[in-house]
Amino acid sequence: MKPPRFVYHDPTSVAEAVDLLNRLDNALLLAGGQSLMPMLNFRVAAPDHLIDLNNIAALSYIDMQDKGRSRFGAMTRQRDLELSADVARTFPILQEALCHIGHRQTRNRGTFGGSLCHLDPSAELVNMTVLHDGLLQTANRSASRTIAASQWVQGVMTSALEPGELLTGIELTAWPTGHGFAFEEFARRHGDFALAMVGCLIVMGAAGTIERAALCVSGLGPGPVRLAAAERLLVGQKPSHQAFRAAAVEAEALDAIDDAYVKATYRKHLARVLTYRSLQRAVAGAARRAA
Amino acid sequence: MGAKWLGARVLRKEDPALLTGNGCYVDDIKLPGMLHAVVLRSPHPHAGIRGIDKARALALPGVHAVVTHADLPESMRNQRVPLLVPNPAIKQVYMPYCLAKDEACFVGDPIAIVVADNRYIAEDAASLVEIDFELLASVSDCAAALAKGAPTSHRDANPALGNLGALIPLSVGNVEVAFASAAHIFREQIFLHRGGAFFMECRGMIAAPDPVQEALTIYVSSQGPHRHKRVLLDLLDWGDHQLRIITPDVGGGFGPKGSFYAEYGALAATAMLLRRPVKWIEDRQENFLSTQQERDQYWDLEIAVDRDAKILGIRGKLIHDSGAYMPWGVVLPWISATTVPGPYVIPAYQIDVHCVVTNKVPTSPVRGGGRPEAVVVMERLVDRVARELKLDRTEVRRRNFIQPTQMPYNVGIIFRDGRPVTYDSGDYPMAQAKALAFVNHNDFLKRQIEARKHGRYIGLGLANAVEATGLGPYESATVRVSTSGKITVYTGATPQGQSHKTTLAQIAADQLGCTPDDIAVVTADTAATGLGVGSFAARTAVNAGNSVHLASIQAAEKIRQFAAQMMEVSEGDIVLEDGFAKVAGADLKRSFREIAARAAGMPGFSMKGGPEPGLEGMSHFTPDRSTYSNGTHIAEVEVDIETGHLKILRYVVMHDCGTVINPMVVEGQVVGGVIHGIGNAFFERMMYDELANPISTHFGDYLLPLATDSPNIEILHMETPSPLNPLGIKGAGEGGTIPAIATLISAVENALEPFGIKISEAPISAARIVELLGDAAKGRTR
Amino acid sequence: MIDTRKIKLTVNGRACEREVETRMTLADFLRHELDLTGTHVGCEHGVCGVCTVLINDISVRACLMLAVQAHGKAITTVEGLANPDGTLNGLQQAFREHHALQCGFCTPGMLTTLTEFLAHNSDPSEAEIRLAISGNICRCTGYQSIVAATLHAAKALREGKS
């Protein structure tokens with residue numbers, strides 16, 4: 001299980017990286033390496049060129065100066081997100097999600113952008129990005145563009161990136177202080193790829209009704225899915241078993257894939273159960289804060 | 001000599017080196033001129049090999065050779081790897097060639113050895129070797145392989161037998177009468193899924209040609225180099241002096257490192273062809289494809305009981321997946337079949353064991369060695385009786401236990417050591433009673449009722465097991481005091497984590513009057529001891545322990561003989577203490593160093609009339625038969641009925657392995673064994689498709705228990721010394737694993753009793769629980 | 001054409017300089033170029049944890065890094081954990097006293113992982129320790145003794161007895 005031969009490049013600027021990406025044939029980008037290196041070791045990936053992004057300091061930052069919008073460099077380590085008090089305060093659900101990503105060693109190297117580009121169907125950070133209506137910044141030779149999170153996943157492990165295009169940053173908009181949140185995931189063991197996960201954000205109104213809701217399910221299909229109908233239904237409702245159940249039923253109706261180990265029906269069932277649980281917890285948390 | 005060290009909690013001598021990164025595993029060994037090999041393996045479950053084109057591979061810079069069957073020495077080409085455990089029940093003996101001749105029979109079957117300057121280049125070259133395959137029909141599931149018209153796993157299969165490799169009828173008593181007179185008969189069909197050992201250190205071997213003569217020194221990660229030497233001498237048609245095999249530190253064995261693998265022969269031949277040391281280290285992907293595994297097993301049994309739930313008989317059938325070859329003959333299914341009766345009186349027992357050959361990697365014993373499966377089956381049958389007759393599970397067991405007064409108890413069937421299964425000692429009712437008292441069974445029942453009121457489902461599981469340990473024929477031990485005064489113990493025991501270098505030193509220290517730190521234990525070197533068997537099946541403490549004990553007694557005797565001569569006193573007056581032979585009550589002593597020098601003799605000085613030269617003892621302790629450990633396991637689990645998640649809340653082991661050499665080591669073995677059992681019960685599923693292509697090929701697919709999956713294990717001890725060896729020892733290496741699957745399945749089923757769920761398989765997963773629960777799994781979301 | 005790079009790094013406090021093939025993993029570099037065989041290779045796909053080393057005191061899987069990526073970094077392997085006089089440090093000694101190793105193959109990775117953990121967690125609970133080593137597979141001990149050793153070592157560190 002040794003990597004095949006490649007030519008190694010270690011650019012120190014975004015411009016250099018983009019130039020290499022456009023010039024070289026059969027090149028792959030190396031971010032945290034926690035997904036790509038196993039593929040190289042198994043020889044299921046055989047690039048002629050490997051472009052290492054780890055020396056581009058400009059790609060690693062956490063910028064939360066702007067009250068509403070927070071910006072993260074694509075090469076920001078998962079570890080740094082986990083240890084940031086600012087992130088914990090502003091995006092508390094991120095803290096819950098991060099500790100499910102692999103293990104300590106994985107998060108010490110793994111990156112925000114790497115996860116978004118590799119697009120494993122069970123990637124927590126992709127769920128978080130879609131849940132927060134994130135914006136993804138890219139750079140290319142000619143221009144840069146901004147892609148909405150809802151447009152990011154094009155297919156199984158396929159992002160909206162064009163050839164020669166590099167993801168440079170992610171922008172997330174925080175929910176109001178005191179919002180309810182809950183991340184629920186089911187994996188066979190701690191750190192394993194989730195069979196299903198649900199991210200839930202809730203704002204409770206003064207009248208005890210739900211003012212705003214976001215529900216995002218991952219693990220069933222290629223990318224995260226917002227339960228749009230459930231979100232609309234929940235607004236204006238008092239939290240109740242019926243309300244939670246309706247959202248859970250919508251989650252179970254999502255498409256899912258069978259594989260050798262896990263049947264689609266089980267993933268869908270988990271989506272149902274986890275949706276219910278996350279709503280319960282998010283609502284309970286929000287109510288406490290509003291009091 | 002008082003037993004000061006036997007039973008003491010001595011810290012391990014192995015640890016300082018291992019803790020500082022100074023262990024020496026096979027891949028840590030670097031020899032001058034060493035080359036690196038890749039084993040090129042079949043990508044197909046069954047294929048004819050029409051031709052192999054090496055040209056592109058050989059053209060790559062840094063590549064030294066591509067070795068195929070045709071390049072092997074004649075003795076290796078003309079015979080298959082010898083089967084060390086033949087049995088008349090085997091109707092078709094399937095063993096591999098060292099490299100596939102013209103047929104590959106499983107994905108992973110070795111076809112060629114590619115040798116290069118380093119492993120990276122060797123892998124590049126391996127991808128350039130072109131093999132012309134003729135794809136053949138393959139067979140995957142062992143039960144389906146027995147169906148009429150099923151494809152044969154080997155081209156030359158006997159058409160009358162198909163995929164049936166062996167048929168073993170085992171029978172005790174009269175099942176016809178037992179079943180005819182029964183008040184109740186219940187049937188259980190149980191499936192136990194394939195799994196593997198998955199030690200952390202993959203297999204590996206270095207073959208180094210001797211610079212002087214036609215000979216090889218081999219370093220191999222194994223569980224017994226002497227057995228490997230036996231096989232390789234046959235394959236090379238060599239003499240004893242031409243092969244030295246050493247096993248250095250081993251990172252886990254658990255069974256499959258005890259087998260001789262075809263590629264070991266090919267690698268030895270490759271080293272001789274190249275006249276340079278060749279190293280091969282199995283990588284993890286290869287480990288999935290080629291290291292031997294255990295199970296599938298399909299059990300179909302009936303139990304007959306009288307009105308009072310006393311067992312009258314058990315009968316049925318076992319279909320066992322041998323895989324493409326039979327490296328351990330029929331040992332594994334034989335152990336399974338003969339372990340079923342366990343600690344219960346079974347007056348009549350009849351089982352037909354079908355060993356089936358399929359196109360998957362071969363199976364051989366993995367920790368527990370077929371016994372966990374038998375315990376699952378027996379304990380499920382007993383639980384079934386209890387449920388049907390509305391009796392308490394523990395009471396049904398109580399009514400059927402073999403009583404301690406019945407020891408030694410002859411079960412009646414013949415075990416794999418050729419002797420009738422006879423339990424020598426043990427108190428099974430007491431073990432269960434003590435375990436139940438410890439967990440406070442009645443209190444649990446109250447808590448279970450209360451939990452159910454709140455929508456929580458907890459369950460208690462229980463299993464009893466007996467374990468044949470200390471399997472013969474022997475282990476070797478030589479205890480030698482050198483002229484430097486230092487003591488060395490040489491033994492064929494081959495540790496892979498079992499702490500032999502400490503425990504055997506403890507035993508020797510007791511006889512020689514010193515501390516374990518004064519005793520160097522050298523294991524697993526065929527040049528150090530001519531004979532040896534190895535460490536597997538929980539045999540080493542019994543065999544090597546007693547051999548070291550007896551050899552130490554002999555060595556101590558020699559010391560006293562020479563010392564008596566030197567000091568002109570009688571032997572009876574001599575005490576061995578701290579490296580000296582001292583005369584009790586007098587200021588007279590001689591050091592081991594001086595005595596050893598005397599025992600080695602001086603040129604010109606006669607030793608006639610005195611003791612034999614040399615200050616050593618040698619023993620091959622030979623047990624009459626296996627000695628039986630026993631245990632009772634109890635587990636409390638909670639089932640989340642909405643997700644199927646299984647959580648172990650408590651796990652208690654009552655364990656009796658006779659005299660304990662080092663309690664710290666035994667506890668480690670039991671705890672590690674239970675966690676291994678948890679893996680088998682909840683996580684480990686080695687999957688193949690219907691053509692026998694492996695689906696589980698990495699650690700993302702095949703799940704081993706992590707620290708977050710493992711509860712704390714509480715251990716209770718009983719110590720019933722074995723009457724079958726001087727030290728009273730029984731084996732402890734597998735006792736943690738053997739009852740674990742049964743215990744956990746029983747607990748899960750007990751938790752889900754309100755839903756009437758029955759579990760007849762292992763492993764059992766969260767997904768399967770939800771499937772079995774059906775609509776009930778919607779829980780609060782309904 | 002073999003693609004190589006010159007790298008300069010510090011390993012266990014010692015500076016070293018080598019020219020390496022760019023596809024060589026950090027694990028193989030440590031083991032075969034520097035003869036530091038204490039770091040083991042168990043799976044080469046980042047699951048088992050036996051290859052864990054510290055890079056600037058942060059635990060990483062050496063099988064998932066290229067040697068060239070270690071240029072300019074300070075690496076600590078298991079060989080760099082003992083006291084300067086060669087005696088076992090507090091964590092290693094606790095491992096020995098609690099029989100927290102059997103075959104020893106996962107042990108270097110456990111030690112480096114726990115070294116990082118204890119540097120940031122002075123009074124961990126049992127559950128926290130189990131989470132900390134959830135990325136390190138042990139097939140021998142069942143983890144219980146490793147947890148006990150870590151609790152012991154944490155306590156000794158708190159009491160200043162390391």
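Residues numbered from 1 in each chain as written. Chains lettered and ligands numbered in written order. Predicted model: local features only at pLDDT ≥ 70, side-chain atom pairs only at ≥ 80, totals over all residues. Heavy atoms only, no water.

Novice: Quick question: what am I supposed to make of the overall build of chain B here?
Specialist: Secondary structure summary: chain B contains 19 helices and 31 strands in total. If you line up chain B on its principal axes, its C-alpha atoms span 90 × 75 × 50 Å. Within the span of chain B, comprising 782 residues, buried residues form 65% of the whole. Nonlocal contacts in chain B, meaning residues at least 24 apart in sequence, comprise 81% of its contacts between residues at least 6 apart. On chain B, the mean spot of the 74 positive side-chain charges and the mean spot of the 86 negative ones are 2 Å from each other. (Helix = DSSP H or I, 4+ residues; strand = E, 2+ residues; numbered from the N terminus. Buried < 20%, exposed > 50% of the residue type's maximum accessible area, 1.4 Å probe, protein only. Contact = heavy atoms within 4.5 Å. Lys, Arg positive; Asp, Glu negative; His and termini not counted. Charge placed at Lys NZ, Arg CZ, Asp CG, Glu CD.)

Novice: Mind showing me how you'd approach the domain arrangement of chain C here?
Specialist: A common way to report how large an interface is uses the accessible area buried once the components associate. Residues and elements named next belong to chain C. In terms of domain boundaries, chain C breaks down into domain 1 (4–80) and domain 2 (90–158). Distance from the C-alpha centre of domain 1 to the C-alpha centre of domain 2: 22 Å. With 18 residues of domain 1 in contact, the opposing surface of domain 2 contributes 14 residues. Each partner contributes to the roughly 1100 Å² buried at the junction of domain 1 and domain 2, and carbon and sulfur atoms together form 60% of this total. (Domains from an automatic or database assignment. Buried area = accessible area lost by both parts, 1.4 Å probe.)

Novice: Explain empty space enclosed by the protein to me, please; I cannot follow it from the model alone.
Specialist: Taking a probe equal in size to a water molecule and rolling it over the atoms shows the remaining empty space. Residue and element names in this part refer to chain B. Scanning the entire structure with this criterion turns up 11 cavities of 30 Å³ or more. The space that makes up the largest cavity amounts to roughly 650 Å³. In this structure, the largest cavity is lined by 44 residues; those nearest its centre are Gln498, Ala538, Arg539, Gln669 and Gly733. Contributions of two or more residues to the lining of the largest cavity are made by helix 9 (331–339), helix 14 (500–512), helix 15 (540–567) and helix 17 (663–683). Residue composition of the lining of the largest cavity, grouped by class: 19 nonpolar, 19 polar and six charged. Both domains that meet at the lining of the largest cavity, namely domain 1 (31–373) and domain 2 (472–619), each give it at least three residues. Empty space within the second largest cavity amounts to approximately 140 Å³. Lining of the second largest cavity is provided by 16 residues; of these, Pro96, Tyr261, Ala262, Gln292 and Pro362 occupy positions nearest its centre. (1 Å grid on protein atoms, 1.4 Å probe; cavity = no way out; pocket = protein on both sides within 12 Å on 5 of 7 lines; lining within 4 Å. Points joined across faces, edges and corners; volume = space filled by probe spheres on them. Nonpolar A, V, L, I, M, F, W, Y, C, P; charged D, E, K, R; others polar.)

Novice: Could you clarify how one ought to interpret the environment of Gly73(A) in this entry?
Specialist: All names here are of chain A. Note that Gly73 resides in strand 5 (residues 69–73). Along the chain, Gly73 and Gln137 lie 64 residues apart, while their C-alpha atoms are 9.3 Å from each other. Contacts of Gly73, omitting those with residues within four sequence positions, involve Leu59, Tyr61, Phe112, Thr168, Gly169 and Ile170.

Novice: Explain helix 19 (residues 766–773) of chain B here, please?
Specialist: Because the α-helix completes a turn every 3.6 residues, residues three or four places apart line up on one side. Residues and elements named next belong to chain B. Inspection of helix 19 places Ala766, Ile769, Val770 and Leu773 among the buried residues, and these make up the whole buried set. Around the axis of helix 19, the buried residues are gathered within 95° of arc, so they sit on the same side. Immediately downstream of helix 19, the backbone of Gly774 shows phi near 60°, a positive value. (Arc of directions from axis to C-beta.)

Novice: Please explain the interface of chain A and chain B as it appears in this structure.
Specialist: Taken together, the contacts link 27 residues of chain A with 36 residues of chain B. On the chain A side of the interface with chain B, the three residues burying the most area are Met1(A), Arg189(A) and Tyr261(A), jointly 25% of the side's total. At the boundary of chain A and chain B, one finds six salt bridges. Of the charged contacts, one joins Glu642(B) and Arg277(A) as a salt bridge, the two residues approaching to 2.8 Å between their closest N and O atoms. The interface formed by chain A and chain B holds 15 residue pairs in polar contact (both at pLDDT 80 or more) in total. Where the side of chain A that touches chain B is concerned, the elements lending two or more residues are helix 10 (241–252) and helix 11 (264–290) of chain A. Among the elements that line the side of chain A that touches chain B, the one with the most residues is helix 11 of chain A, at eight residues. Looking at the side of chain A that touches chain B residue by residue, the class counts come to 11 nonpolar, five polar and 11 charged. (Salt bridge = Lys/Arg side-chain N within 4 Å of Asp/Glu carboxyl O. Polar contact = N/O pair within 3.5 Å; in protein donor to acceptor, adjacent residues only side chain to side chain.)

Novice: Is there a simple way to explain the sheet that holds strand 5 (residues 74–76) of chain C in this structure?
Specialist: To summarise the sheet geometry, strands pair through backbone hydrogen bonds and adopt either a parallel or an antiparallel arrangement. All names here are of chain C. What the five strands build is an open sheet, ordered 2-1-5-3-4; its pairing is mixed. Pairing within the sheet leaves two strands with one partner each, and these edge strands are strand 2 (14–21) and strand 4 (58–61). Across the sheet, the axes of successive neighbouring strands diverge by a mean angle of 40°, strand direction being ignored. Summarising the sheet, strand 1 (residues 4–11) and strand 5 pair through two bridges and their orientation is parallel. When the sheet's bridge partners are listed, Thr10 is paired in strand 5 with Ala74. Of the strands in this sheet, strand 3 (52–55), strand 4 and strand 5 are in contact with helix 3 (residues 107–120), which crosses strand 3 at around 35°. (Pairing = 2+ DSSP bridges. Axes fitted to C-alpha atoms, helices over the stretch in contact; angles between N-to-C directions.)

Novice: Teacher, can you tell me more about unusual backbone geometry here?
Specialist: A negative phi angle is the norm for most residues apart from glycine, just as the trans form is the norm for most peptide bonds. All names here are of chain B. Here the residue pair Arg295 and Asp296 is connected by a cis peptide bond, since its omega of 5° sits within 30 degrees of zero. One can find Asp296 in the loop between strand 14 (293–294) and strand 15 (297–305). Geometrically, the link from Gly472 to Pro473 is a cis peptide bond, its omega value of 5° lying close to zero. If you trace the backbone, Pro473 turns up in the loop between strand 20 (457–469) and strand 21 (477–481). For Ser499, which is not a glycine, the phi torsion comes out positive at approximately 70°. Here Ser499 shows up in the loop between strand 22 (487–491) and helix 14. With a relative accessible area of 1%, Ser499 lands in the buried category. Residues other than glycine seldom take positive phi values, yet Ala524 does so here, at roughly 60°. Structurally, Ala524 is set in the loop between strand 23 (519–523) and helix 15.

Novice: I'm lost on the nonpolar core in this one. Help?
Specialist: In a soluble, globular protein the nonpolar side chains are often hidden away together inside. The biggest cluster of nonpolar side chains holds 232 residues, and the ones touching the most others in it are Ile202(A), Ile218(B), Tyr423(B), Phe682(B) and Phe95(C). Beyond its immediate stretch of four places on either side in the chain, Tyr423(B) contacts Pro341(B), Gly342(B), Ile402(B), Met407(B), Pro408(B), Tyr409(B), Val411(B), Tyr428(B), Val466(B) and Tyr628(B). Ranked by size, the runner-up nonpolar core spans 43 residues in total, among them Trp5(B), Ala508(B), Met567(B) and Phe621(B). (Core = buried A, V, L, I, M, F, W, Y, C linked by side-chain atoms within 4.5 Å.)

Novice: Would you mind going over the interface of chain B and chain C with me for this structure?
Specialist: Taken together, the contact pairs 54 residues of chain B with 45 residues of chain C. For the pair chain B and chain C, the summed buried area comes to about 4200 Å², and 55% of that belongs to carbon and sulfur atoms. Of all residues in chain B, Leu19(B), Tyr120(B) and Met200(B) give up the largest surface area on contact with chain C, accounting jointly for 20% of the area buried on that side. Put simply, chain B and chain C have five salt bridges between them. Close ionic contact of Arg139(C) with Glu684(B) constitutes a salt bridge, the shortest N to O distance being 2.8 Å. At the junction of chain B with chain C, the criterion picks out 29 residue pairs in polar contact (both at pLDDT 80 or more). If you list the elements that add at least two residues to the side of chain B that touches chain C, you get helix 1 (15–19), helix 4 (119–126) and helix 17 of chain B. Of the residues forming the side of chain B that touches chain C, the biggest block, eight residues, is contributed by helix 17 of chain B.

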